[in-house]
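Breakdown of the fold
Spelled out, the chains give:
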Amino acid sequence: MAQQPSQIAISDSYLSATFPMANSAAGYFTLTNTSDEPVVVTGISVSSTIAKGASLHETVVDDEIVSMRPLHKLTLNAGQTVRFEAGGKHIMLTGLNKPLTVKMTVDVTFLLGNRPPVSQTFQVHPAEHDKAKSQHDHH
């Protein structure tokens, strides 16, 4: 049975390594709608052996107070690209069942409204990768 071509392309995907007792981890990637119609990302999931929960999040600054909030859905117009990066949109894995260690891989499934889900393998990078990238982006 032939698989339908994906409606989205996911690139530059990685998760940040965690310390041994960490309860959560962040992930980053670039998401592109490769179809000629809007695509709605309604959530993500990971294996329960990795974490109890997984969700899209965004960092917001309101009156100089920085906080994170869930991003319940994301609509990408035809051809649109959105970067999920430190200090902006990202994914959160919560209730980790084990630490994420460098070079480990985690399969993340993207739920796309009324379209078939799309899976992507995220590799775990050193946590310093985010800090260096984030600091570089602000200079």
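Attention here is on the structure that accompanies the text. Note that the structure is a prediction, hence the values are computed from the model and not measured.

1. Section: the overall build of the chain
Of regular secondary structure, the chain possesses one helix and 11 strands. Each helix and strand of the chain, ordered N terminal to C terminal, gives the series β-β-β-β-β-β-β-β-β-β-β-α. Within the chain, the proportion of its 139 residues that are buried is 38%. Surface summary for the chain: the accessible area is close to 8,300 Å², and the carbon and sulfur share equals 52%.

2. Some words on unusual backbone geometry
Phi is positive for Glu-64, close to 70°, though the residue is something other than glycine. With respect to the helices and strands, Glu-64 occurs in the loop between strand E5 (51–62) and strand E6 (65–70). Take Glu-64: its relative accessible area is 77%, and that puts it in the exposed class. Positive phi, normally seen in glycine, also occurs at Lys-103, with a value near 80°. The residue Lys-103 is located in the loop between strand E9 (89–96) and strand E10 (105–112) in this model.

3. Re the pairing of E10
Across the two faces of E10 the burial differs, with Val-106, Val-108, Phe-110 and Leu-112 buried and Thr-105, Asp-107, Thr-109 and Leu-111 not buried at all. Here strand E4 (residues 43–46) pairs with E10 via four bridges, running antiparallel. Bridged to Val-46 within E10 is Val-108. As paired elements, E10 and strand E11 (residues 115–125) share seven bridges and run antiparallel to each other. Within E11, the position partnered with Val-106 by the bridge is Phe-122. Between the end of E10 and the start of E11, which pair antiparallel, lie two residues, with Gly-113 showing a positive phi angle near 50°.

4. What to know about the environment of Val-66
Mapped onto the elements, Val-66 comes out in strand E6. Overall, the relative accessible area of 55% leaves Val-66 in the exposed class. Note: C-alpha distance between Val-66 and Gly-87 (21 residues apart in sequence) is 9.3 Å. When neighbours within four sequence positions are excluded, Val-66 is seen to be in contact with Thr-59, Val-60 and Val-61.

5. Notes on the environment of Leu-96
Counting through the fold element by element, Leu-96 comes out in strand E9. For Leu-96, a relative accessible area of 11% gives the class buried. In this structure the C-alpha to C-alpha distance between Leu-96 and Ser-48, which are 48 residues apart in sequence, comes to 8.9 Å. In contact with Leu-96, other than residues within four places in its own chain, are Thr-18, Ala-22, Asn-23, Ser-24, Ala-25, Ile-50 and Ala-51.

6. What about the packing of aromatic side chains?
Under the criterion given, the structure shown has five aromatic pairs. Judged by centre distance (5.4 Å) and plane angle (45°), the rings of Tyr-14 and Tyr-28 are tilted. Remark: Tyr-28 occurs in strand E2 (residues 24–33) and Tyr-14 occurs in strand E1 (residues 8–16); sequence separation between them is 14 residues. You'll find Tyr-14 and Tyr-28 in the same group, each marked buried. By way of ring pairs, the aromatic residues Phe-29, Phe-84, Phe-110 and Phe-122 are connected into one cluster.

Rules and cut-offs
Residues numbered from 1 in each chain as written. Predicted model: local features only at pLDDT ≥ 70, side-chain atom pairs only at ≥ 80, totals over all residues. Heavy atoms only, no water. Helix = DSSP H or I, 4+ residues; strand = E, 2+ residues; numbered from the N terminus. Buried < 20%, exposed > 50% of the residue type's maximum accessible area, 1.4 Å probe, protein only. Areas by Shrake-Rupley, 256 points an atom, 1.4 Å probe, with all protein chains shown as cover. Pairing = 2+ DSSP bridges. Contact = heavy atoms within 4.5 Å. Phe/Tyr/Trp six-rings, centres within 6.5 Å; stacked < 30°, edge-to-face > 60°.

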